[in-house]
Structure formats: structure tokens, C-alpha cells
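A closer look at the structure
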Amino acid sequence: MEQAVPSSPLEQVRARIAGAARMAGRKAAEVTLIAISKTKPAEAILDLITQGQRVFGENRVQETQEKWPAIRAAHPDLQLHLVGQLQSNKAEEAVALFDCIHSLDRPSLVSALAKAQDKLGKRVPCFVQVNIGAEDQKGGCAVADLPTLLARARDSGIDVIGLMCVPPAGIEPAPFFALLDKLADDNSVAGLSMGMSDDLEIAVQLGATHVRVGSALFGTR
Ligand SMILES: *Cc1c(COP(=O)(O)O)cnc(C)c1O
């Protein structure tokens, strides 16, 4: 009998995405896997790059400034996404560092990012983060404020490519993913950044275009 070859975490995550896509009648290629490398050292990132991963995510501007310039210089084809809350006074650094921002969630940040884009002559595609479970402590705009924020972002020249959410911990995420999908439809945005290590299959089945996976690739933090 053939022995099963133990697969790497990256292969396992790719297989999970492919399996979920197949069940939903989607193509795995419609889903971008973002490897969330926050708190992880450069060696762990380089290991994934060697295995073919090209899209990474971080949640802090300062950590990214420390870790990524050297890696990027050696691998110019990488994409780097910001998935953490962004202070307006870090907008310019964020525009300089990242290829995509998933945490646009308030009018003051729209203004700061628009200004930074103009100053640096660089446009960074953004997801608008929605506080999908209406949790006090979480980032993201309220569902009711989404149309106004989207209009303001578009008017300011920000390229909004989708919606992003982090559902409440410890409860079934499917209704929240389904709601994000509906909000995207209602507001004519195409992308859906949703699904993490524990729930990426459900997210892919409900239409995720970007999944953000940390611990399943890098181990626990
Ligand atoms: C850390 C983080 C992730 C990855 O979480 P895992 O459970 O480790 O896969 C995804 N999205 C955001 C916004 C994060 O901060």
C-alpha cells in the first residue's frame, strides 16, 4: 500500500480551500490565501515563500516596518496586506508599506488615506471593515453606516475592492459571513475578506474571495 506523504501546513490549508470551493461550485483560484504572519519571525515567512506563498498579511505598521523591507527587497513579487486597525496618523506609513488595506472603517481614516495616497502618488486598494457582530470592542464600521462610508471613500478616490469582517468569537460564523455577502451585493462591491484558520471552509462556501490564515500556517501565536 502506498504511504501517505505528510503534507505541509501550506498544502493542508490549500487543500481545505480547494475542498470548500469544490463543494460550493467555485474554483479555488477565486480565493486568495493571505498568510497572516504577525508575531512570526522572518525565517518562518521565508520558509513559506520558498514553498510558493506570495501573499502575506500583518496587523501592525511598526512590526511590518521592522520585518518586511529586507524580505521584500529579496522577493519583489510579494504582496503585503494590512489586516489590523489603523490609526489615522499611521496612514502615510501604511500606504507606503502595503499593497492592500483591510481595515478602512471610519471617515477620518478615509480622509487620512486619501491624503496619504495623494502625497505618495500611490493608490492602495482597500476593504471596508464591517463590525458585523455589532461588538463594542471591535473595529469596523456599523452596518448602518456602511453606505455613507463607502460613498465617502469612493468620492475621495479610494479604490474600495470589498468588505472585510471578523465575526464574534465562539459562535457560529456562517450568519455573519452571509450578512457580509449580502451587504457587498447591496453596495456593489465584489470582494469578501472573511475566514480565518478555524472557519475558512464556511467562509469560502459563503463567497470569500480572500481568506486570512495565521495559526493554521505558522502554528499558534
Ligand atoms: C490574526 C488575524 C487573522 C488570522 O487568525 P488565525 O486564527 O491565526 O488564522 C485573521 N484576520 C485578522 C484581522 C487577524 O488579526
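Here, the structure is the one placed above.
Residues numbered from 1 in each chain as written. Predicted model: local features only at pLDDT ≥ 70, side-chain atom pairs only at ≥ 80, totals over all residues. Heavy atoms only, no water.

In terms of helices and strands, the protein chain carries nine helices and eight strands. A compact globule built from 221 residues should have a C-alpha radius of gyration of about 17 Å, and the protein chain, at 17 Å, falls within 12% of that. Projected onto its principal axes, the C-alpha positions of the protein chain cover 60 × 40 × 30 Å. Burial status across the protein chain gives 48% buried among its 221 residues. (Helix = DSSP H or I, 4+ residues; strand = E, 2+ residues; numbered from the N terminus. Rg over C-alpha atoms; globule rule 2.2 N^0.38 Å. Buried < 20%, exposed > 50% of the residue type's maximum accessible area, 1.4 Å probe, protein only.)

Turning next to the packing of aromatic side chains. Under the counting rule described, the total for this entry stands at one aromatic pair. Pairing Phe56 with Trp68 gives two aromatic rings, centres 5.3 Å apart and planes at 50°, and the pair type is tilted. Pair noted here: Phe56 is in strand E2 (residues 55–58) and Trp68 is in helix H3 (residues 61–74), with a separation of 12 residues, a long-range link. Neither Phe56 nor Trp68 differs from the other in exposure class; each is buried. (Phe/Tyr/Trp six-rings, centres within 6.5 Å; stacked < 30°, edge-to-face > 60°.)

Near the ligand the following residues occur: Ile36, Lys38, Val83, Met164, Met196, Ser197, Arg212, Val213, Gly214, Ser215 and Arg221. Arg212 places a polar side-chain atom, nitrogen or oxygen, 2.9 Å from a nitrogen atom of the ligand. Compared with its free state, where it exposes 390 Å², the ligand has 87% of that area covered by protein. (Near = heavy atom within 4 Å. Polar contact = N/O pair within 3.5 Å; in protein donor to acceptor, adjacent residues only side chain to side chain. Areas by Shrake-Rupley, 256 points an atom, 1.4 Å probe, with all protein chains shown as cover.)

Mapped onto the elements of the fold, Thr64 is located in helix H3. One polar contact links the side chain of Thr64 to the main-chain carbonyl oxygen of Arg60, over a distance of 2.6 Å. In this structure Thr64 touches Glu58, Pro69, Leu80, Leu97 and Phe98, once residues within four positions along its chain are discounted. (Contact = heavy atoms within 4.5 Å.)

On inspection of all chains with the given rule, the structure shows 10 salt bridges. We note a salt bridge from Asp77 to Arg54, for which the minimum N-O separation is 2.8 Å. Pair noted here: Asp77 is in the loop between H3 and strand E3 (79–82) and Arg54 is in the loop between helix H2 (42–50) and E2, with a separation of 23 residues, a long-range link. (Salt bridge = Lys/Arg side-chain N within 4 Å of Asp/Glu carboxyl O.)

This paragraph deals with the pairing of strand E1 (residues 32–36). Of all five residues in E1, four are buried, a share of seventy percent or more. Of the strand pairs in this sheet, E1 and strand E8 (residues 210–213) are connected by four bridges, and their pairing is parallel. For Leu33, the partnering residue across the bridge sits in E8 and is Val211. Here two bridges tie E1 to E2, and the two strands are oriented parallel to one another. Bridge pairing in E2 links Ile36 to Gly57. (Pairing = 2+ DSSP bridges.)

Another aspect to go through is H2. Of all the positions in H2, only Ile45, Leu48 and Ile49 are classed as buried. Within H2, the buried residues cover an arc of 105° as seen down the axis, which keeps them to one side. Across from the buried face of H2, at angles greater than 90 degrees, the exposed residues are Glu43 and Thr50. Contacts made by the buried residues of H2 are with helix H1 (9–23), E1, E2, H3 and helix H9 (215–218). Directly after H2, the chain includes Gly52, whose backbone phi takes a positive value near 110°. (Arc of directions from axis to C-beta.)

So, on to helix H5 (residues 107–120). Spanning 14 residues, H5 covers 20 Å between terminal C-alpha atoms, matching the ideal 20 Å at 1.5 Å per step. The inward-facing, buried residues of H5 abut helix H4 (91–97), strand E4 (100–104), strand E5 (126–129) and helix H6 (146–155). Gly121, located one to two residues past H5, shows a positive phi value of around 60°. (Expected span 1.5 Å × (residues − 1).)

It is worth spelling out unusual backbone geometry at this point. Unlike most non-glycine residues, Ala134 shows phi in positive territory, near 50°. Relative to the assigned elements, Ala134 resides in the loop between E5 and H6. Classification of Ala134 by relative accessible area gives exposed; the value is 66%. One non-glycine residue, Ser188, lies in the positive phi region at around 55°. Within the element layout of this structure, Ser188 appears in the loop between helix H7 (174–186) and strand E7 (191–193).

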